[in-house]
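# Descriptive analysis of the structure
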Amino acid sequence: QVSCFKLNGCASPLHCLGLQCYGVFLQILTAGWDELECHRVFNFLWELSNLARKVQTVVSSKPGSARRLELRIRLFCRGVLLSPGSRRSDSAFWLTRILKPWPMVNQARLLYIIFGPVSSRDGHVVWQKMIEGPTDETSLKGLADAIKLLYGTEAREWTADDVISLVDELSVVPQEWLMENNARLLLLSGNSICFTFMASKAVNGRAVELARLMVFMVLVCEKDLYCMDWAVKMMQKVCKVFSTPWERNNFLQCLENSFARMLMDMLQAVLAGERDEEDSSFLNLFHLMNAQATFHKEILYLAMGSTSSTS
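Residues numbered from 1 in each chain as written. Predicted model: local features only at pLDDT ≥ 70, side-chain atom pairs only at ≥ 80, totals over all residues. Heavy atoms only, no water.

Going by the annotation in an unreviewed UniProt entry, the name recorded for the chain is FBX47 protein, with Rhodinocichla rosea given as the source organism.

### Some words on the packing of aromatic side chains
On inspection of all chains with the given rule, the structure shows seven aromatic pairs. Residues Phe-93 and Trp-94 carry aromatic rings whose centres are separated by 5.2 Å and whose planes lie at 75° to one another, so their mutual orientation is edge-to-face. The buried category is assigned to Phe-93, whose relative accessible area is 9%. Put simply, the rings of Phe-42, Trp-46, Phe-93 and Trp-94 pair up and form one aromatic cluster. Here the guanidinium or amino end of Lys-100 rests over the ring plane of Trp-158, the centre of that ring lying 4.2 Å away. (Phe/Tyr/Trp six-rings, centres within 6.5 Å; stacked < 30°, edge-to-face > 60°. Buried < 20%, exposed > 50% of the residue type's maximum accessible area, 1.4 Å probe, protein only. Lys NZ or Arg CZ within 6 Å of the ring centre and 35° of its normal.)

### Some thoughts on helix H10 (residues 179-189)
For H10, the tally of buried residues reaches eleven of eleven residues, placing the bulk of the element in the interior. Packed against the buried residues of H10 are helix H7 (129-132), helix H8 (137-151), helix H9 (160-170), helix H11 (191-203), helix H12 (207-223) and helix H13 (228-239). Following H10 by one or two positions, Gly-190 adopts a phi angle in the positive range, close to 105°. (Helix = DSSP H or I, 4+ residues; strand = E, 2+ residues; numbered from the N terminus. Contact = heavy atoms within 4.5 Å.)

### Remarks on a nonpolar patch on the surface
Among the surface-exposed residues, Phe-25, Leu-29 and Trp-33 lie close enough to one another that they form a single nonpolar patch of about 300 Å² accessible area. Relative to the helices and strands, Leu-29 is located in helix H1 (residues 18-29). (Patch = residues over 30% accessible without salt bridge, like charges linked within 9 Å, V, L, I, M, F, W, Y side chains within 5 Å. Areas by Shrake-Rupley, 256 points an atom, 1.4 Å probe, with all protein chains shown as cover. Salt bridge = Lys/Arg side-chain N within 4 Å of Asp/Glu carboxyl O.)

Quick look at the structure:
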């Protein structure tokens, strides 16, 4: 009967501790229970809060058209079912229960609602964040942590292919993301999922798309101050996936073509005088030129090192 515990009962959900208290209580209560018992608890809460109908409404509506409902679903899932401080295995179980009943396209939408960026003013989900311009780590951390959780050993019901498909689907929610934001999400998701995602593209013959993604990963490494040696090693691992020397050389050619095309596009934007308050077109060109130089420097170090060690 407590209004906070109802999905749409609290008058001020952003400033209410009711759901968080409920989450801690549930976490303590179900500690050590087996999965079948926890599944029954989830089904009870799912029906009690009428979550199925409410989730169906938000995943089938235009993003942002039911902002209050999106917010309440987010707060309920994060506060009650995915209570902060929960063990990874518990979080993986509850997140799986939330996502698995839905088709992949709806899973991606729901994942964005629960873990995507929100407005600091009213807490509503910011749907255009990944489309309008490059974003920061803070906006992507929640999504990356969720992906890592589903890819980890704790989430037994998810295969690597499931997670890759989910990441692919996520990158077009609500429309196609900027490639830089895709690259940043993969970097934050960790080496394993990053390599698996890229290897999948290599195996499926998507060399041009893979090369462009690799360039943006190099750019993110430069912007976010990651070690460029990581990008070179990732490229090496991906090259080993190709089954023939021709495929590998074609990918490397596509990589250099992508660098050249992006540099020309950015230079054209600078020369055309497309400037804003932050002079982002010039900054982007500056970052990409630095990124390319550092990336190729690491490759030269590697090449010269292996040459001297064999001579």
